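Here is what each chain is made of, one letter per residue.
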Amino acid sequence: MATAENEYTLDTVRETLVRQEDTIVFGLIERSKFPFNSQTYDQNYLQIPGFCGSLVEFVFTNTEIVQAGRYKNPEENPFFPENLSLSLVPSYPFTKFLHPGAASININKSLWKMYFHDLLPLFVASGDDGNYAQTAASDLSLLQAISKRVHYGKFVAEVKFRESPQDYEPLIRSKDKEGLMKLLTFKSVEEMVKKRVEKKATLFGQDISLNSSDDSKGKQKFDPSVASKLYEKWVIPLTKEVQVEYLLRRLD
Ligand SMILES: C=C(O[C@@H]1C=C(C(=O)O)C=C[C@H]1O)C(=O)O
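What you see is a predicted model, and the numbers here were worked out from it, not measured in a lab.

Draft legend 1. Representation of empty space enclosed by the protein. Counted according to the given criterion, the structure contains two cavities of 30 Å³ or more. A volume near 50 Å³ is recorded for the second largest cavity. Around the second largest cavity, the lining residues are Arg 70, Tyr 71, Glu 75, Glu 76, Asn 77, Phe 79, Gln 144, Ser 147 and Lys 148. Residues of the lining of the second largest cavity, tallied by class, amount to two nonpolar, three polar and four charged.

Draft legend 2. Main features of the site of the ligand. Close to the ligand lie 15 residues; Arg 14, Arg 149, Lys 160, Phe 186 and Glu 190 are nearest. Between Arg 14 and the ligand, the recorded distance is 2.7 Å, taken from a side-chain N or O atom to an oxygen atom. Between the ligand and the protein, one listed contact pairs an oxygen atom with a side-chain N or O atom of Arg 149 at 2.8 Å. Protein burial of the ligand: of its 360 Å² of free accessible surface, 99% is covered by the chains. Looking at the shell around the ligand, the elements that each hand over two or more residues are α1 (10-31), α5 (153-163), α8 (187-204) and α9 (225-249).

Draft legend 3. Structural context of the environment of Gly 205. In this structure, Gly 205 sits in the loop between α8 and α9. A relative accessible area of 0% means that Gly 205 is categorised as buried. When the C-alpha atoms of Gly 205 and Ile 29 are compared, they prove to be 6.8 Å apart, with 176 residues separating the residues in sequence. In contact with Gly 205, not counting residues within four places along its chain, are Ile 29, Lys 200, Lys 219, Gln 220 and Lys 221.

Draft legend 4. Inspection of the packing of aromatic side chains at higher detail. Counted under the stated rule, the structure contains 18 aromatic pairs. Ring geometry for Phe 79 and Trp 112: centres 6.2 Å apart, planes at 55°, overall tilted. Within this pair, whereas Phe 79 is found in the loop between α2 (55-66) and α3 (108-123), its partner Trp 112 is found in helix α3, the two being separated by 33 residues in sequence. Trp 112 matches Phe 79 in its accessibility class, with the two residues each being buried.

So, how was this worked out
Residues numbered from 1 in each chain as written. Predicted model: local features only at pLDDT ≥ 70, side-chain atom pairs only at ≥ 80, totals over all residues. Heavy atoms only, no water. 1 Å grid on protein atoms, 1.4 Å probe; cavity = no way out; pocket = protein on both sides within 12 Å on 5 of 7 lines; lining within 4 Å. Points joined across faces, edges and corners; volume = space filled by probe spheres on them. Nonpolar A, V, L, I, M, F, W, Y, C, P; charged D, E, K, R; others polar. Near = heavy atom within 4 Å. Polar contact = N/O pair within 3.5 Å; in protein donor to acceptor, adjacent residues only side chain to side chain. Areas by Shrake-Rupley, 256 points an atom, 1.4 Å probe, with all protein chains shown as cover. Helix = DSSP H or I, 4+ residues; strand = E, 2+ residues; numbered from the N terminus. Buried < 20%, exposed > 50% of the residue type's maximum accessible area, 1.4 Å probe, protein only. Contact = heavy atoms within 4.5 Å. Phe/Tyr/Trp six-rings, centres within 6.5 Å; stacked < 30°, edge-to-face > 60°.

Here it is in structure tokens:
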């Protein structure tokens, strides 16, 4: 969706982040339908001539090639940029809101590690049901949603910078990461985000019956505290890391 430059404000970027919470919570619910399914991540499972890697890497790499056009949008960041030929994709006049330095920020390699090593074991049952391609597809959509949210920190940072350049500029010039982190942090907003995410996970993960008094008794599709833990331990700190990285390049 193209957004006119003046439509990015702290309120509108925060609204976008709120909407992205829905996608992430549904992504957790969808992935939790499948057990861990370790074959999906096993380097020796796939026997495809010319491809070396796991099924999940195969699904990510090929989906990104098919969907190369989405990476023309500055809101999107590929996991395997080395395989993309963006020059083959026709261009679209996306609003140029960000400083060009934004293009060099991509922390998907750390997100990848966090997701497969730390997050998945937290909320997925152990076991194997053979649905490896579906498992890889749900990993793809959830991890893409997390990546989009975290990299949206670039937009948050740009809005904050434009609102008070006089506060940010000296810290940027002295490369004061700690000072920048402090200035861009709003603890009360973070607390609200964590609580809202857990509430969404509780509500969206509930079994719904037509008799409304039964709703709260239904079993949960997954543990809602996983959603707030994901935000507290990774999503919020990494969004802030992206903001700092962006600001450090802002005056180049
Ligand atoms: C995204 C923002 O920046 C920081 C990061 C937040 C987050 O990732 O949810 C929330 C508040 C801020 O500390 C913001 O101010 O909205």
